[in-house]
Amino acid sequence: MSQPYDLIELFDVEAALGGGWDTRMEEEVRAEVLSELRDVAADASLLREQEDWNALKDRMVGAEGG
Amino acid sequence: MYGRVKATTEWAARRQRGREDGQVTSATYGNTDIRVVDLTVPKGWDRLLDRCPYMTRWGLKTLCSGLQAAARTAVIEPHYICRDFRNLFSHFYSKKFLPRDAHCSRVHFFSASGLDELQVTANSDAWQSDYLGFSVIQPVVDRCLGRSVYDPLRLGRDPREFFCLQATTPVHINGAQYVVRGYPYISQTGEALVCAHAALWGVCRFLSQRFRMYREVLPNDLIQMTATNAGRQVPYRGMSYSDYSEILSEFGCYPAVLRAGGWPPEGTPDDALSWTRVRATYHDIYSYVESGFPVLTSFRDHVATTIGHVIGSAIGKDHKPEELVAARPVYNSFSLIRQLVVVDDNVFPYALLGYKGDPDNYAHGSSSNPRRSIDAIYAAVVPLPEKVFLRPSDARDLAYRFLNYPEVTPFIEEVLKDLGCESDPLIARLFVASGNSFKVRKLRYALDKVLGPDPLLQVPIRRNLPHFLWVMELSPISLYNHRHAIAEVVLDATASRRECERVYMRVGKRFWLGKKGAAVSGASSNFPLYTHNLGERDVSTV
């Protein structure tokens, strides 16, 4: 019975990339995100969470018979 | 009591008589008195009430509801010392005037019939595959089910659609060793333990059994962690999700609190609630469930723990695409979830929490649980590890940006065309995985060669990975139902949204790493979905 390490050939990632193409994907996506973040005064989702916390802070669960 | 000594049960009374007769030693070190009950005979289950010390009608009814279809034999240990109950006894019950036993009993269930004590103890290997699990039976009023663990897949759940968290628990019966894989359950006594404690105990016990970094906590530890600013800790201390967050922090987690925004005005009936009011929050909660975190799920007056889901093959009726990728609608994989799997201390574990109106919802038509449904969730607390810094909403947003990058979308279209799935809606699944478990699974897939040799499965194996990853898998629905994907975006979960760190990305036979992209002719167009977080097993081992 063959051993597991006989079953595959190691894939040379760097060699594969060497035959590939250049991309600016990460830089451009990051730039897009940073640009959007600069344009908003505050994180809307954080504001929403804070708002909800205030509305729900007194709700209790887990009491008798829960 | 109050003038006459009255033990709480017949068993306790017998022990009391032993003490009076000066037989403490023989009673303490006596025969374990293992009892076997054949559940297949008429009124077999009712015999548990007589044969199993401390068993109550509620306990019997609850066990019956979950086990009746699978269990054929019960094995009772009448004299069992449970560290969880002993802890509560020492810190709470011993302070009462009412005499109460410090011991428990324990009942095990097997799917085989005709077992006797010799078979169970002398040949555990032969009966391991029939072992369903156990419950400690506590000497308390009504809610008697103490620490319990059952294997959901041996109780008739379909492993192709039912996925939930499980930890392995070793069990000994007179020296015979069994193991059970399941999620720990305990009922609330309504005195020292309320539902929040029961849920927190399950979360902490699951984590401490599954991961060595967490210490084991006992019930009174959780009570002591409960803040006193809202009143005394026992009995009947109502708790909110801010309490859970504080307790889980003290336990060693870094909890995230998710609140369902837009909570309706006071007095709004629960039946009027709909999950669709806050789709993004539900998608976040579901991402954490899919990531293998037990999620404390708050309803208006109760809490249960979401530990998994039942997946279907069709998109649910109220679900809408959450994004477009390559100009095609993409549905969150939450749209395929029929029910969530919850542990609610009021019922047998692995209850199915459906949408309102779902006849399979465990609370459907129940007068005592009218509000429990997916729609009625208003908050969730997730016991995260420290280094999962990126929020699911940010991970989702970043992953979609990468998938929609102009260089990428033609390749997605090409793969869909090659696979003949152009008209399929796309499904996106987002989850957290540890770098290590991600590598383990990818290596397994590479070795198994399910779809033939696929060198791209090795890309993450041979990289330095962060401790935690956010992974988004993309698949046309027909392929998703066979548990395969055509694309994946792997993000560094320890990074921030601003850092925007993509570890690597794959679409069919192409991949991107750093500032390079490449096509690999020997790669497969699709690859297996990552499965590990929710205790998936090979069907052959079930």
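Residues numbered from 1 in each chain as written. Chains lettered and ligands numbered in written order. Predicted model: local features only at pLDDT ≥ 70, side-chain atom pairs only at ≥ 80, totals over all residues. Heavy atoms only, no water.

Considerations on the sheet that holds strand 17 (residues 426-434) of chain B
Under the convention used in this document: Any two strands between which DSSP finds at least two bridges are classified as paired. Each helix is a run of H or I in the DSSP string that is no shorter than four residues. Each strand is a run of E no shorter than two, and both are numbered from the N terminus. The contact criterion used is simple: two residues touch if any of their non-hydrogen atoms lie within 4.5 Å. The convention used is that axes are lines fitted to C-alpha atoms, helices contributing only their stretch in contact, and that angles between N-to-C directions extend from 0 to 180 degrees.
Here we have 9 strands laid out as an open sheet, ordered 1(A)-23(B)-22(B)-21(B)-20(B)-18(B)-17(B)-13(B)-12(B), and mixed in their pairing. Two strands lie at the open edges of the sheet, namely strand 1 (21-22) of chain A together with strand 12 (323-325) of chain B, each paired on one side alone. Pairing geometry for strand 17 of chain B and strand 18 (residues 468-476) of chain B, over 9 bridges, is antiparallel. Within the sheet, the bridge partner assigned to Phe431(B) lies in strand 18 of chain B and is Val471(B). Relative to the sheet, helix 11 (residues 279-290) of chain B contacts strand 13 (328-332), strand 17 and strand 18 of chain B, its axis offset from that of strand 17 of chain B by approximately 55°.

A closer look at the sheet that holds strand 4 (residues 131-137) of chain B
Residue and element names in this part refer to chain B. Ordered by their spatial adjacency, 5 strands build an open sheet running 1-2-3-4-5, and the pairing between neighbours is antiparallel. Whereas interior strands pair on both sides, the edge strands pair on one side only; in this sheet they are strand 1 (35-38) and strand 5 (145-150). For this sheet the average axis-to-axis angle between neighbouring strands, irrespective of direction, equals 20°. Alignment of strand 2 (residues 73-80) against strand 3 (residues 104-110), held across 6 bridges, turns out to be antiparallel.

With respect to the packing of helix 8 (residues 195-210) of chain B against helix 10 (residues 241-251) of chain B
Residue and element names in this part refer to chain B. For the record, the criterion: Every angle not falling under 35 degrees, over 145, or within 65 to 115 is termed oblique; those three ranges are roughly parallel, roughly antiparallel and roughly perpendicular. Crossing handedness is read from the near helix: turned anticlockwise from the far helix by less than a right angle, it gives a left-handed crossing, and turned clockwise, a right-handed one. Each residue is assigned to one of three groups, with Ala, Val, Leu, Ile, Met, Phe, Trp, Tyr, Cys and Pro labelled nonpolar, Asp, Glu, Lys and Arg labelled charged, and all others, Gly among them, labelled polar.
Viewed as axis vectors pointing N to C, helix 8 and helix 10 meet at an angle of 30°, and their least axial separation amounts to 11 Å. Relative to helix 10, the element helix 8 is oriented roughly parallel. For the pair helix 8 and helix 10, the crossing hand works out as right-handed. Of helix 10, the residues touching helix 8 (which contributes Ala196, Leu200, Val203, Cys204 and Leu207) are Tyr244, Ile247, Leu248 and Phe251. Residues of the contact of helix 8 with helix 10, tallied by class, amount to 9 nonpolar, no polar and no charged.

With respect to the confidence of the model for chain A
A low pLDDT means the predicted coordinates there should not be read in detail. All names here are of chain A. What counts here: Note on scores: pLDDT gives the predictor's confidence for each residue, bounded by 0 and 100.
Looking at chain A, the pLDDT average stands at 72 and 48% of residues meet or exceed 70. Strand 1 holds the highest mean pLDDT among the elements of chain A, 96, whereas helix 3 (residues 44-56) holds the lowest, 57. The low-confidence segment residues 62-66 (pLDDT under 50) makes 14 contacts with residues lying over four places distant or belonging to another chain.

A short note on the pairing of strand 14 (residues 337-343) of chain B
Residues and elements named next belong to chain B. Put simply, the rule reads: A 1.4 Å probe rolled over the protein chains alone gives each residue an accessible area, and that area as a share of the maximum for its type sets the label: buried under 20%, exposed over 50%, partly exposed in between.
Summarising burial for strand 14: 6 of the 7 residues are buried, a large majority. The pairing of strand 11 (residues 303-311) with strand 14 spans 6 bridges and is classified as antiparallel. Paired with Val310 across the bridge in strand 14 is Gln339.

Brief notes about the packing of helix 2 (residues 25-39) of chain A against helix 12 (residues 392-403) of chain B
The interhelical angle for the contact between helix 2 of chain A and helix 12 of chain B, taken along N-to-C directions, is 135°, at an axis separation of 10 Å. The angle between helix 2 of chain A and helix 12 of chain B falls in the class oblique. Taken as a pair, helix 2 of chain A and helix 12 of chain B cross one another with a handedness that is right-handed. Two secondary-structure elements touch here, helix 2 of chain A through Met25(A), Glu26(A), Val29(A), Glu32(A), Val33(A) and Glu36(A) and helix 12 of chain B through Leu398(B), Arg401(B) and Phe402(B). Here the contact of helix 2 of chain A with helix 12 of chain B is composed, by residue class, of 5 nonpolar, no polar and 4 charged.

Overview of the side chain of Thr409(B)
On the secondary structure map, Thr409(B) appears in helix 13 (residues 409-419). The contacts of Thr409(B), once residues within four sequence positions are left out, are Ala326(B), Leu403(B) and Asn404(B).

Brief notes about empty space enclosed by the protein
Residue and element names in this part refer to chain B. Our working definition: Note on definitions: the grid is 1 Å and covers protein atoms alone; a cavity is a set of points where a 1.4 Å probe fits but cannot get out; a pocket is an open set with protein on both sides within 12 Å along at least five of seven lines; lining residues have an atom within 4 Å of a point. Grid points are joined across faces, edges and corners, and a volume is the space filled by probe spheres set on the points.
The tally for this structure, following the rule as stated, stands at 5 cavities of 30 Å³ or more. As a volume, the second largest cavity reaches approximately 70 Å³. Every residue lining the second largest cavity is counted, 15 residues in all, and those nearest its centre are Ile186, Ala198, Ala199, Val343 and Asp345. When residues of the lining of the second largest cavity are traced back to their parent elements, those giving at least two are helix 8 and strand 11. In terms of residue count, helix 8 provides more of the lining of the second largest cavity than any other element does, 5 residues in total.

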